[in-house]
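This is what each chain is made of:
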Number of protein chains: 2
Amino acid sequence: MMPTAFVIKIGGNIVDDDKKLDAFLQSFATLHSNHLLVLVHGGGKLATKLAERMGITQQMVEGRRITDAETLKIVTMVYAGYINKNIVARLQASGCNAIGLSGADGNAILAHKRIVSGNTDYGFAGDVDTVNTPLLANLLEQHIAVVLAPITHDKKGQLLNTNADTIAQETAKALSRVYDVTLVYSFEKSGVLLDANDNTTVIPTINPASYQQLKDEQKIFAGMIPKLDNAFSALNNGVKKVVIGNAEVLKQLLNGEAGTTIINE
Amino acid sequence: MMPTAFVIKIGGNIVDDDKKLDAFLQSFATLHSNHLLVLVHGGGKLATKLAERMGITQQMVEGRRITDAETLKIVTMVYAGYINKNIVARLQASGCNAIGLSGADGNAILAHKRIVSGNTDYGFAGDVDTVNTPLLANLLEQHIAVVLAPITHDKKGQLLNTNADTIAQETAKALSRVYDVTLVYSFEKSGVLLDANDNTTVIPTINPASYQQLKDEQKIFAGMIPKLDNAFSALNNGVKKVVIGNAEVLKQLLNGEAGTTIINE
């Protein structure tokens, strides 16, 4: 049997809330004593605020940010610098040895600049090619938690802004070669909900059959569908389990006592 | 005999000059194929420029920057984020596997907030306590070059702005427990000069006796004395050799064919 590892993504709302982030990192540090852990963090609102303060206008197309050269500079500073290093420093303070990496570090995550499709050029946005499993496994086996910032590189000297959900998914898939991996998407909601406004309507388990039924009956909030499609894609690529739930109950998410567990059977 | 390792500091002027930085990183990448290398980078003018753009006034006392909370945020973003990750991405492009770390990452460099002396409070400035030799040696032995940003932490959750010269020196001293270490300070000058304005007046070798003589005869530029005192302190703590010279001839500095070599005999 392979050892178990957890890849945990925290959403921007947690990163933006100092108190919630601290509580989350406390739980993470406690779990670190007997689990192999990878943390993937998003960016939160700090990058947008910094851009505003610097007078840089953020271009958006269909709700997605265009990463021009100035924006890439900002997200590199904020995600790989400020947020990543502060998370690592706080984990160290809680007795959890952690290392913060961008995709360039140790060639952790290789990506390519997103191909221009139609009229939309997303700029310096990266689509993931490979995750460096030996590098991450070596650190995890030294009992060092890995904290990944959503910045990758193309091995041609270009840093790339990359979706944190995708990084979590690709990392979970890559680590499945050597571990039994659970992928956790933790955010401010309690899980996949039957009623998007009611945190008590969590669906405890979803498998392919029940997912189809939920979609047929239009019981799933549209915004959740890409997340679930990604979850099943991860399961089809070696990940054992995907859990979606509230970052404030991390331990229960890992135990399967809270959130929505997505499995492939 | 212990293997040889090089700890190389690059000055701010090189970091600020894209062309010089690229040439330096090319040489560094070439040397990486058969050397164990640590690179320590300073900050350059980018942090000051960003602070100006954000309307943050930099406080200086006796030529030294005071690191208030806002300044710490900026140097964390610029040093540990922008500069560090861009250096690593460029090294990766040149075929040199590198990993960028702040002192918080893997608890690489533990420091404490500088004690207030007299009326001067340097704010979030860090004085180094310990460098994590096993962590760095493990990476070096995986043939990964380590790129250190001048940001440390106190293991209580606080990041600290730390002098890059000091980080280079302390890292060289710590690695001397397992390697024969040469510490290289590379910058825009050709070495320790008899005439500060004439790059052809490089003193090839300095030992304690010749240093005393140079000081007695007031032949050394005052600004160089703290650097030389630090060099001898490093030699007294296990470092084999200190080289000071021009970043544009890195290979020759490592071979002892350029710059000033400082030895303890």
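Since the structure is predicted, the reported quantities are computational estimates derived from the model, not experimental observations.

Draft legend 1. Representation of the overall build of chain A within the structure. If you tally the helices and strands in chain A, you get nine helices and 14 strands. The principal-axis extent of the C-alpha atoms belonging to chain A is close to 45 × 45 × 35 Å. In chain A, buried positions account for 50% of the 265 residues. When contacts within chain A are restricted to residue pairs at least 6 apart in sequence, those whose partners lie at least 24 apart make up 72%.

Draft legend 2. Local environment of the confidence of the model for chain A. Mean pLDDT over chain A stands at 94; residues scoring 70 or higher make up 100%. Here the predicted complex scores 0.96 on pTM and 0.95 on ipTM.

Draft legend 3. The relation of the copies chain A and chain B, seen in detail. Turning chain A through 180° and shifting it by 0.0 Å along the axis lays it on chain B, with an RMSD of 0.0 Å. Between the two chains, the operation in question is that of a two-fold axis. Closest approach to the rotation axis within chain A is made by the C-alpha atom of A:Gly81, at a distance of 1.8 Å. Here 100% of the interface residues in chain A have copies in chain B that are interface residues too; the copies meet face to matching face.

Draft legend 4. Main features of the interface of chain A and chain B. Chain A puts 32 residues into the contact, and the matching count from chain B is 32 residues. Looking at the side of chain A that touches chain B, the elements that each hand over two or more residues are helix H4 (69-93), strand E5 (98-101) and strand E9 (151-153) of chain A. At 14 residues, H4(A) tops the list of elements feeding residues into the side of chain A that touches chain B. A breakdown of the residues in the side of chain A that touches chain B according to their chemical character gives 13 nonpolar, twelve polar and seven charged.

Draft legend 5. Representation of unusual backbone geometry within the structure. All names here are of chain A. Here the phi dihedral of Asn107 falls at roughly 55°; this positive angle occurs in a residue that is not glycine. Summarising the element assignment, Asn107 is placed in the loop between E5 and strand E6 (109-113). Given 21 C-beta atoms within 10 Å, Asn107 falls into the buried group.

Draft legend 6. View of the sheet that holds strand E8 (residues 145-148) of chain A. Residues and elements named next belong to chain A. Here eight strands make up an open sheet; going across it, the order is E5-E8-E2-E1-E11-E13-E14-E12 and the pairing mixed. In this open sheet, the two edge strands, each paired with only one partner strand, are E5 and strand E12 (205-206). The pairing of strand E1 (residues 4-10) with strand E11 (residues 180-187) spans seven bridges and is parallel. Each bridged residue has a counterpart across the sheet, and for Ile8 the counterpart in E11 is Val184. Sitting on the sheet, H4 touches strand E2 (36-41), E5 and E8, and the angle it makes with E5 is about 175°. Sheet strands touched by helix H8 (residues 225-235): E11, E12, strand E13 (241-246) and strand E14 (260-262). Its angle to E13, the strand with the most contacts, is close to 150°.

Draft legend 7. How the structure looks around the packing of helix H3 (residues 46-53) of chain A against H4(A). Residues and elements named next belong to chain A. Look at H3 against H4: their axes get within 9 Å of each other, and the N-to-C directions meet at 130°. Overall, the two elements H3 and H4 adopt an arrangement that is oblique. Our pair here, H3 against H4, has a crossing hand that is right-handed. On H4, the residues touching Leu46, Ala47, Leu50 and Ala51 of H3 are Thr71, Ile74, Val75, Val78, Tyr79, Tyr82 and Ile83. The residue inventory of the contact of H3 with H4, partitioned by class, reads ten nonpolar, one polar and no charged.

Draft legend 8. Spotlight on the pairing of E1(A). Residues and elements named next belong to chain A. Burial of E1 is extensive: six of the seven residues sit out of reach of the surface. When E1 meets E2, the two strands line up parallel, connected through six bridges. By the bridge assignment, Val7 is partnered in E2 with Val38.

Draft legend 9. Representation of the sheet that holds strand E1 (residues 4-10) of chain B. Residues and elements named next belong to chain B. Strands sit in the order E5-E8-E2-E1-E11-E13-E14-E12 across an open sheet of eight strands; the sheet is mixed. Each having just a single partner strand, strand E5 (98-101) and strand E12 (205-206) make up the two edges of the open sheet. Those strands touched by helix H4 (residues 69-93) are strand E2 (36-41), E5 and strand E8 (145-148), and its axis lies near 175° from that of E5. Running over the sheet, helix H8 (residues 225-235) touches strand E11 (180-187), E12, strand E13 (241-246) and strand E14 (260-262) and is turned about 150° from E13.

Draft legend 10. Expanded view of the nonpolar core. Among the nonpolar cores identified, the biggest contains 172 residues, and A:Val7, A:Val78, A:Val146, B:Val7, B:Val78 and B:Val146 are the most heavily contacted of them. Apart from the residues within four sequence positions on either side, A:Val7 is in contact with A:Val38, A:Val40, A:Ala168, A:Thr171, A:Ala172, A:Leu175, A:Val181, A:Leu183 and A:Val184.

Draft legend 11. Representation of the environment of A:Asn138 within the structure. If you trace the backbone, A:Asn138 turns up in helix H5 (residues 133-141). Taking the C-alpha atoms as reference points, A:Asn138 and A:Leu21, 117 residues apart in sequence, are found 27 Å from one another.

Draft legend 12. Representation of H8(A) within the structure. Residues and elements named next belong to chain A. What H8 keeps buried is the set Ala231, Ala234 and Leu235. Seen along its axis, H8 keeps its buried residues to an arc of 100°; they face one direction. In this structure, H8 carries Pro226 and Asp229 as exposed residues pointing more than 90 degrees from its buried face. Looking at the buried side of H8, the elements it contacts are helix H6 (164-175), E11, E13 and E14.

Draft legend 13. Main features of the environment of A:Gln26. All names here are of chain A. Among the structural elements, Gln26 can be located in helix H2 (residues 18-32). A tally of 16 C-beta atoms within 10 Å means that Gln26 is categorised as partly exposed. Gln26 sits 64 residues away from Arg90 along the chain, and the two C-alpha atoms are 8.6 Å apart.

Draft legend 14. Inspection of the environment of A:Val181 at higher detail. Residues and elements named next belong to chain A. The topology assignment puts Val181 in strand E11. On the basis of neighbour counts, which here come to 25 C-beta atoms within 10 Å, the residue Val181 falls in the buried class. Separated by 65 residues in the primary sequence, Val181 and Asn246 place their C-alpha atoms 19 Å from one another. Apart from residues lying up to four places away in sequence, Val181 is in contact with Ala5, Val7, Ala172, Leu175, Ser176, Val239 and Lys240.

The rules behind these values
- Residues numbered from 1 in each chain as written.
- Chains lettered and ligands numbered in written order.
- Predicted model: local features only at pLDDT ≥ 70, side-chain atom pairs only at ≥ 80, totals over all residues.
- Helix = DSSP H or I, 4+ residues; strand = E, 2+ residues; numbered from the N terminus.
- Buried ≥ 20, exposed ≤ 12 C-beta atoms within 10 Å, placed from the backbone.
- Contact = placed C-beta atoms within 7 Å.
- pLDDT = per-residue confidence, 0-100.
- Least-squares fit on C-alpha atoms with pLDDT ≥ 70 in both.
- Nonpolar A, V, L, I, M, F, W, Y, C, P; charged D, E, K, R; others polar.
- Pairing = 2+ DSSP bridges.
- Axes fitted to C-alpha atoms, helices over the stretch in contact; angles between N-to-C directions.
- Parallel < 35°, antiparallel > 145°, perpendicular 65-115°, else oblique.
- Left-handed = near helix turned anticlockwise from the far one by under 90°.
- Core = buried A, V, L, I, M, F, W, Y, C linked by C-beta atoms within 7 Å.
- Arc of directions from axis to C-beta.

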